[in-house]
Amino acid sequence: MPIPLPENKVIVTVAQTGALVTKEMNPHLPEQPEEIAASAYACYNEGAAIVHIHARDSRGENTADIGIFRSIHEKVRSLCNIIIQDSTGGGPNLTQEERIHCLQAAPEMASLNMGSLMRVSGRYAGTPFSNLPEEIEDYVRQMKAVNVKPEMEVYSHPMLRDVNSIIAKGLIEKPYYINIVLGMKYQGACEATPKILISILDLLPQDSIFNCTAVGSAQLPLTTLAMVLGGCVRVGLEDNIFYRKGELATNAQLVARAVRIARELGKEPATPEEARRILGLKTAPKAEPG
Ligand code: KMH
Ligand code: ZN
């Protein structure tokens, strides 16, 4: 079982952009560096401690361009000290090699997807979201070399095999930060149900802190359940574009709601500094807000 967060804190992550959502789907989607930074600042002010970053080019396509990642980081850090977690999931148009380029822009954390899935709809149906054991190991070694904390994304029970494998090989340090991602519309991903969340929690290694991400309308009930169970939560437009049925959300609204629920449950959102301490982050931001 995972360890509950100390001091009744909740670490709130905002996943603002993602790889699959477009401005046509939700015009509030932040895509360009200025938009991403402004939205991250609004989310920080509502209580987010971590921002999960995907970069887009000027046409809104997923990109691995280091200059764009650096520009996002600089702009975010000029506004606030929120923890920057870059995505190494990237997007379906990026190669395995490109997806890890973001480490060169010096994030404090990076996502590490713990197994392969198959895309079954949309433009990339029939292509794999490839995260083979040797690819995971290569990514985690690169993160370890630059003191970037992995946020391990687990979409199904068998992915815990690779979590346990990198722990056994000493490639990752405690506390292990495990993001249970439920409801992805990919073959091989689990549905977003309370039973499935709890059954994965039962199998987590010792010394792990868990976060819950749930896609679509499951975001609200499952992140609420995660807080009740002593975990952290991720909200944002990457996973869910609606505030409620038929009403498009902003990232800041989704963070504000998660924080309100946390407080109703007697918990406080961790500040970025508190989250750095809880997660044992080693790399301080390169630039302080001015
Ligand atoms: N879109 C999420 C469900 C990543 O960026 O590494 C999965 C994700 C992957 O966040
Ligand atoms: Zn992502």
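Residues numbered from 1 in each chain as written. Chains lettered and ligands numbered in written order. Predicted model: local features only at pLDDT ≥ 70, side-chain atom pairs only at ≥ 80, totals over all residues. Heavy atoms only, no water.

Visitor: Just to check I follow, could you spell out the packing of aromatic side chains for this structure?
Guide: Geometrically, a pair of aromatic rings is defined through the distance of the ring centres and the angle of the planes. Overall, the coordinates contain two aromatic pairs when judged by the stated rule. Consider the rings of Tyr41 and Tyr44, whose centres lie 6.1 Å apart with planes at 15 degrees: the pair is stacked. One end of the pair is Tyr41 and the other is Tyr44, both in helix α1 (residues 33–46) and three residues apart, which spans about a single turn. Classification of Tyr41 by relative accessible area gives partly exposed; the value is 32%. (Phe/Tyr/Trp six-rings, centres within 6.5 Å; stacked < 30°, edge-to-face > 60°. Helix = DSSP H or I, 4+ residues; strand = E, 2+ residues; numbered from the N terminus. Buried < 20%, exposed > 50% of the residue type's maximum accessible area, 1.4 Å probe, protein only.)

Visitor: When you look at the packing of α1 against helix α2 (residues 66–79) in this model, what are you seeing that I'm missing?
Guide: The packing of two helices is summarised by the inter-axis angle and the distance between the axes. Packing of α1 against α2 leaves a shortest axis separation of 9 Å and a crossing angle of 35 degrees. The two elements α1 and α2 cross, and the hand of that crossing is right-handed. Listed contacts from α2 to Pro33, Glu34, Ile36, Ala37, Ala38, Ala40 and Tyr41 of α1 are Ile68, Ser71, Ile72, Lys75, Val76 and Leu79. (Axes fitted to C-alpha atoms, helices over the stretch in contact; angles between N-to-C directions. Left-handed = near helix turned anticlockwise from the far one by under 90°. Contact = heavy atoms within 4.5 Å.)

Visitor: I keep staring at the pairing of strand β3 (residues 50–53) and nothing clicks. Help me out?
Guide: Within a regular beta strand, the side chains point alternately toward one face of the sheet and then the other, so they alternate between its two faces. Because side chains alternate across β3, one face comprises the buried residues Ile50 and His52, and the other comprises Val51 and Ile53, equally buried. Both strand β2 (residues 12–15) and β3 contribute to a ladder of three bridges, which runs parallel. Its bridge partner being in β3, Thr13 is matched across the sheet by Ile50. Crossover β2 to β3 through α1 is right-handed. (Pairing = 2+ DSSP bridges. Right-handed = clockwise from strand over helix to strand, strands pointing away.)

Visitor: Looking at this structure, I do not really get the site of ligand 1. What am I missing?
Guide: Surveying the vicinity of ligand 1 reveals 13 residues, the closest of which are Ser87, Ser111, Asn113, Glu153 and Glu238. His52 places a polar side-chain atom, nitrogen or oxygen, 3.1 Å from an oxygen atom of ligand 1. With respect to ligand 1, the side chain of Asn113 contributes an N or O atom lying 2.8 Å from an oxygen atom. Contact with the protein chains covers 92% of the free accessible surface of ligand 1, which is 300 Å². (Near = heavy atom within 4 Å. Polar contact = N/O pair within 3.5 Å; in protein donor to acceptor, adjacent residues only side chain to side chain. Areas by Shrake-Rupley, 256 points an atom, 1.4 Å probe, with all protein chains shown as cover.)

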